[in-house]
Amino acid sequence: MKERSKQVLKSSAALLLVSSVALTGCSKSGTKDGGATTAPTTPAATVEASKAPALAPYTVSLRYPGTPQKDEQAVEEAINKILTKKINATIDLQPIDWGAWEDKLNLMFSSNEKADLVFTASWQNHGQYVHKGAFLALDDLLVKHGKDIQKSLDPAFLKGVQIDGKTYGIATNKEIASNTGILMRKDLVDKYKFDLTKVKSMADLEPIFNTIKENEKGVIPFYVMESIMPAQYFSDFDSAGDVTVPGVLLKSGTDTKFKDQFEFPGFVENIKLTYKWAQSGIINKDAATTKTTPEEMIKAGKAFAYVSGLKPGKDKEVEGNVKVPMLQLDITKPTTTTGDTTGSMLAISKTSKDPDRAMMVLNLLHSDKELLNLVVYGIEGTHYKKVSDNVIEDMNRDGYNPGNNWMIGNQFLNYLGKNEDPQKWEKFKAFNASAIKSPALGFLFNGESVKNEMAQITNINKQYFNAILTGSVNPDEIIPQYQEKLIKAGRDKVIAEKQKQFDEFLKNKK
Amino acid sequence: MNKRSDMAKQHEGSRLFGYATHFIFIVYSLICVIPVLLVVSVSLSSSESITNFGYQLIPETFSLSAYSYLLKDPTELFRAYGVTVVVTATGMLLSLAIMTAYAYTISRQDFKAKNFFSFYIFFPMLFNGGIVPFYIIYTQYLGLKNSLWALILPGIVNSFYLLIMRTFFQTTIPSALIESAKIDGAGEFRTLFQIVIPLSLPILATVGMFTTLGYWNEWFMSLIFIDVPSKVSIQYLMYKTILNVQYLLQHNSSMSGSKSLFDLPTESIRMAMCVMGMAPMVVVYPFFQKYYVKGLTIGAVKG
């Protein structure tokens, strides 16, 4: 008797399964002709959710730079559960190693390979890709499927990413500004009771560094290396694109004239100061060549401080890595440039087979907390556990730790780490609101017409820029040499071109 | 008497010459060996000692932490080894088979289309389509993205080696020999396998070794064709670490510190990876070399 009822149950279950498969098969074939074309006309995300079965299944690929993760497949499956329910889509995470990123992206675009969501940024040649036509203009799609994006993103982010009046990428919702300051070891600050309130500029740091130099043997007071160079950070320059291209204006100023960087006395002062510090032993001797990061040095107890771009809670982030209490000293005011608003975006490739669906996924990444946290932190209970509603603790980080939270969706929806400030996102919002907007915000220089000059300048920069800014050479002797070479290479032509494009931009803005 | 002192002088001279040669070669080998030793010893230093004292031939504090870090989860490393071994072995065998066949055919004077086929193989040495068409063919027409064949196929025929082989066949194997084999009743395959190939071991060994080294050191194909970490070669695995470090340092200021530089592998780990990458070749090379030299002398005696 028992056996029999089991049998019946089994066979009816099988029947149910078969019929449901058959049904989904029907809906699939039914939508192939109708669904894909009708979907774009549905206006809001909420309407789509109820209409979900009408959409044909589609796999949206998400390409971003980063190390491929071991548990990627498990995470994808968890994401797919949510996505299938909401918009009948699945996701294919395609992290690509940093070192291979540019090569692979170029090949992908030139060979018309299928791709949907692609990470891009102004420092990642976003402008060039747009001019080559690699990305779709997203304005219409944004209106159709991007309700939540439009709601949550700061208008500066929405407007700031436009090129020639069109949107080619959706910015990741995160800090929109940056300021410069110093990160330093808290234990030493406490030990010598430094008065940090007096520090208003780079020069004011000198007595602090001298104290460290005299009393802490074997500790480098101010650690400098390639790309971590104080004069550059304190320069307050907006170069409207690649920082190595000549022509800058002050981002906290109002002047709309691009000039050569050495025409700003503050910048030259800071370079001279760097040289002086390098001579007196405040800055490490191997600054121009070292490949050891300041974080490693601080962890090893060999350095006291370094210059850094800051945002609220930066000290806690670094502290998590170096395991030494850190303190951040904000020196300049937060400013917003095109570099900040376009520092991290997701674009839709022109080779996407279903841009509408890609936009829907993007919209969900900006609004669905569960989904986004899956992408950036992995699976709850495997990769992290919840301490409270919004705070998590690491578990098995080896399996999934892509470090992509600043690249994807809305960072304000990310869970917070245990050591982080619970008010972090509120502080971010206040920080964003307090930022001074650069006069060139929204403008991105297109160097196509001065390519030859720029190539020459890049070569000259390689020889001089880092050497000068790390304080390795005497600026009084070398800067004139450097400038002479730059002028010969066509510096002024590049600046004039930049100014021309900018004037045009200002005219169109009005 | 006079003669004797002359001879002594000559001896003296050749002795001096010998010393000088030895000295030059000792210095030269030191220049080659010391960097390798340095890599080994840095891989054995603790990262604190590298930050504190820089690179040293004898590490200040000895540490195996870099290796234990790498071997904590060696699956990635061993998989990459596996990929490289499979690709190298398959590639080398296929490459020798195809190149020998091709080179032998165009080396025969009685092959009518030999000029055309020689030119056909010579032309790509001067002109090629560049990387994008190459990539399109492999990914879209052959569908070889993320396939090990994408690592093997590009290296199979090398025009330069092929032409060297052709010249070898033309010059060292007299056509009279092939004719007499024919008269004795040997078919084409018998002639190739029993007469030509045994006489051509030196060139096969040389080309085989170059191809093996080529496959072993190949990383670029992994970079462009492989997205899944389980199918990359050992060289790429190491190269990408270096590339990642360079890239992140270069773009650090643009990313406004969004990405932490801290998860980059330390110097000692990078060096340890380097040691792991070169170790098998260092072990295998002497065997190869023995064969290689033997092959060469066979050729010399026979020639």
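Being a predicted model, the structure only gives us computed values, none of them experimental. (Residues numbered from 1 in each chain as written. Chains lettered and ligands numbered in written order. Predicted model: local features only at pLDDT ≥ 70, side-chain atom pairs only at ≥ 80, totals over all residues. Heavy atoms only, no water.)

## Focus: the overall build of chain B
Line of reasoning, step 1. Each helix and strand counted, chain B has 14 helices and 0 strands in total.
Line of reasoning, step 2. Reading the helices (α) and strands (β) of chain B from amino to carboxyl end gives α-α-α-α-α-α-α-α-α-α-α-α-α-α.
Line of reasoning, step 3. Residues classed as buried in chain B amount to 39% of the 303 residues present.
Line of reasoning, step 4. Intrachain contacts of chain B at a sequence separation of at least 6 include 72% that bridge at least 24 residues.
Line of reasoning, step 5. As presented, chain B carries roughly 17,500 Å² of accessible surface, and 69% of it is formed by carbon and sulfur atoms. (Helix = DSSP H or I, 4+ residues; strand = E, 2+ residues; numbered from the N terminus. Buried < 20%, exposed > 50% of the residue type's maximum accessible area, 1.4 Å probe, protein only. Contact = heavy atoms within 4.5 Å. Areas by Shrake-Rupley, 256 points an atom, 1.4 Å probe, with all protein chains shown as cover.)

## With respect to the overall build of chain A
Line of reasoning, step 1. When helices and strands are tallied, chain A shows 21 helices and 16 strands.
Line of reasoning, step 2. In chain A, buried positions account for 55% of the 510 residues.
Line of reasoning, step 3. Taking all contacts inside chain A whose residues are at least 6 apart in sequence as the whole, residues at least 24 apart take part in 77%.
Line of reasoning, step 4. As presented, chain A carries roughly 22,500 Å² of accessible surface, and 54% of it is formed by carbon and sulfur atoms.

## Brief notes about the sheet that holds strand E4 (residues 170-171) of chain A
Residue and element names in this part refer to chain A.
Line of reasoning, step 1. Taken in spatial order, the 5 strands make up an open sheet running E2-E1-E3-E12-E4, and their pairing is mixed. Two strands close off the open sheet at either side, each with one partner strand: strand E2 (89-96) and E4.
Line of reasoning, step 2. In this sheet, strand E3 (residues 117-120) lies alongside strand E1 (residues 58-65) in parallel orientation, the contact comprising 2 bridges. Following the sheet pairing, Arg 63 is matched in E3 by Val 118. (Pairing = 2+ DSSP bridges.)

## A word on the packing of helix H5 (residues 114-126) of chain B against helix H8 (residues 159-172) of chain B
Residues and elements named next belong to chain B.
Line of reasoning, step 1. Their axes nearest at 9 Å, the elements H5 and H8 cross at an angle of 140°. Comparing their axes, H8 and H5 come out oblique. Our pair here, H5 against H8, has a crossing hand that is left-handed. Each of Ser 118, Ile 121, Phe 122 and Met 125 in H5 lies in contact with H8, whose residues at this interface are Ser 159, Phe 160, Leu 162, Leu 163 and Arg 166.
Line of reasoning, step 2. Here the contact of H5 with H8 is built from residues that sort into 6 nonpolar, 2 polar and 1 charged. (Axes fitted to C-alpha atoms, helices over the stretch in contact; angles between N-to-C directions. Parallel < 35°, antiparallel > 145°, perpendicular 65-115°, else oblique. Left-handed = near helix turned anticlockwise from the far one by under 90°. Nonpolar A, V, L, I, M, F, W, Y, C, P; charged D, E, K, R; others polar.)

## Things to note about the confidence of the model for chain A
Line of reasoning, step 1. Averaged over every residue, the pLDDT of chain A is 83; residues scoring 70 or more account for 89%.
Line of reasoning, step 2. Considering only residues more than four positions removed or in separate chains, one finds that residues 1-52 of chain A, a stretch of pLDDT under 50, has 30 contacts. (pLDDT = per-residue confidence, 0-100.)

## Considerations on the packing of aromatic side chains
Residue and element names in this part refer to chain A.
Line of reasoning, step 1. Within this structure, the stated rule accounts for 48 aromatic pairs over all chains.
Line of reasoning, step 2. When the ring of Phe 209 is compared with that of Trp 277, the centres are 5.3 Å apart and the planes differ by 90°; the resulting orientation is edge-to-face. Highlighted residues: Phe 209 in helix H10 (residues 206-215) and Trp 277 in helix H12 (residues 265-280), separated in sequence by 68 residues.
Line of reasoning, step 3. Trp 277 sits in the buried class, given a relative accessible area of 1%.
Line of reasoning, step 4. Above the ring of Phe 412, the side-chain terminus of Lys 429 is found at 5.0 Å from the ring centroid.
Line of reasoning, step 5. It is Lys 498 that lies over the ring of Phe 445; its NZ or CZ is 5.4 Å from the centre. (Phe/Tyr/Trp six-rings, centres within 6.5 Å; stacked < 30°, edge-to-face > 60°. Lys NZ or Arg CZ within 6 Å of the ring centre and 35° of its normal.)

## Examining the side chain of Gln 501 of chain A
Residues and elements named next belong to chain A.
Line of reasoning, step 1. If you trace the backbone, Gln 501 turns up in helix H21 (residues 491-509).
Line of reasoning, step 2. Among the residues examined, Gln 501 registers a relative accessible area of 18% and is labelled buried.
Line of reasoning, step 3. The contacts of Gln 501, once residues within four sequence positions are left out, are Phe 443, Leu 444, Phe 445 and Asn 446.

## Looking at the sheet that holds strand E6 (residues 220-223) of chain A
All names here are of chain A.
Line of reasoning, step 1. Overall, mixed pairing links the 4 strands, which are arranged E6-E9-E5-E10 in an open sheet. Of all the strands in the sheet, the pair left with one neighbour each is E6 and strand E10 (326-330). The sheet shows a mean angle of 25° between the axes of neighbouring strands, direction not considered.
Line of reasoning, step 2. Here strand E5 (residues 179-185) runs beside E10; their pairing, made up of 5 bridges, is antiparallel.

## Section: the pattern of salt bridges
Opposite charge on two side chains permits them to pair, given that their charged atoms come into close proximity.
Line of reasoning, step 1. A complete count under the given rule lists 29 salt bridges over all chains for this structure.
Line of reasoning, step 2. Ionic pairing is found between Asp 368 of chain A and Lys 86 of chain A, a salt bridge with its closest N-O pair at 2.6 Å. Of this pair, Asp 368 of chain A sits in the loop between helix H16 (355-367) and helix H17 (369-377) while Lys 86 of chain A is found in helix H3 (residues 72-87), placing the two residues 282 residues apart along the sequence.
Line of reasoning, step 3. With its nearest N and O atoms 3.6 Å apart, the salt bridge here joins Asp 97 of chain A to Lys 240 of chain B. Of this pair, Asp 97 of chain A sits in the loop between E2 and helix H4 (98-110) while Lys 240 of chain B sits in helix H13 (residues 234-250), placing the two residues on different chains.
Line of reasoning, step 4. With relative accessibility at 7%, the residue Asp 97 of chain A sits in the buried group. (Salt bridge = Lys/Arg side-chain N within 4 Å of Asp/Glu carboxyl O.)

## What to know about a nonpolar patch on the surface
All names here are of chain B.
Line of reasoning, step 1. On the surface, Phe 119, Phe 122, Phe 123, Met 125, Leu 126, Phe 127, Phe 160 and Ile 164 cluster together into a nonpolar patch covering about 780 Å² of accessible area.
Line of reasoning, step 2. Secondary-structure elements contributing two or more residues to the nonpolar patch are H5 and H8.
Line of reasoning, step 3. Of the residues forming the nonpolar patch, the biggest block, 5 residues, is contributed by H5.
Line of reasoning, step 4. Take Phe 127: it is sitting in the loop between H5 and helix H6 (131-141). (Patch = residues over 30% accessible without salt bridge, like charges linked within 9 Å, V, L, I, M, F, W, Y side chains within 5 Å.)

## What about unusual backbone geometry?
Residues and elements named next belong to chain A.
Line of reasoning, step 1. Phi is positive for Ser 227, which is not a glycine, with a value near 70°.
Line of reasoning, step 2. Looking at Ser 227, the relative accessible area reads 7%, which means it is buried.
Line of reasoning, step 3. Even without a glycine there, the phi angle at Lys 323 is positive, about 60°.
Line of reasoning, step 4. On the accessibility criterion, Lys 323 (63% relative accessible area) is exposed.

## What to know about the environment of Gly 181 of chain A
Line of reasoning, step 1. Locating Gly 181 of chain A in the fold gives a position in strand E5.
Line of reasoning, step 2. Residue classification places Gly 181 of chain A among the buried positions, given a relative accessible area of 0%.

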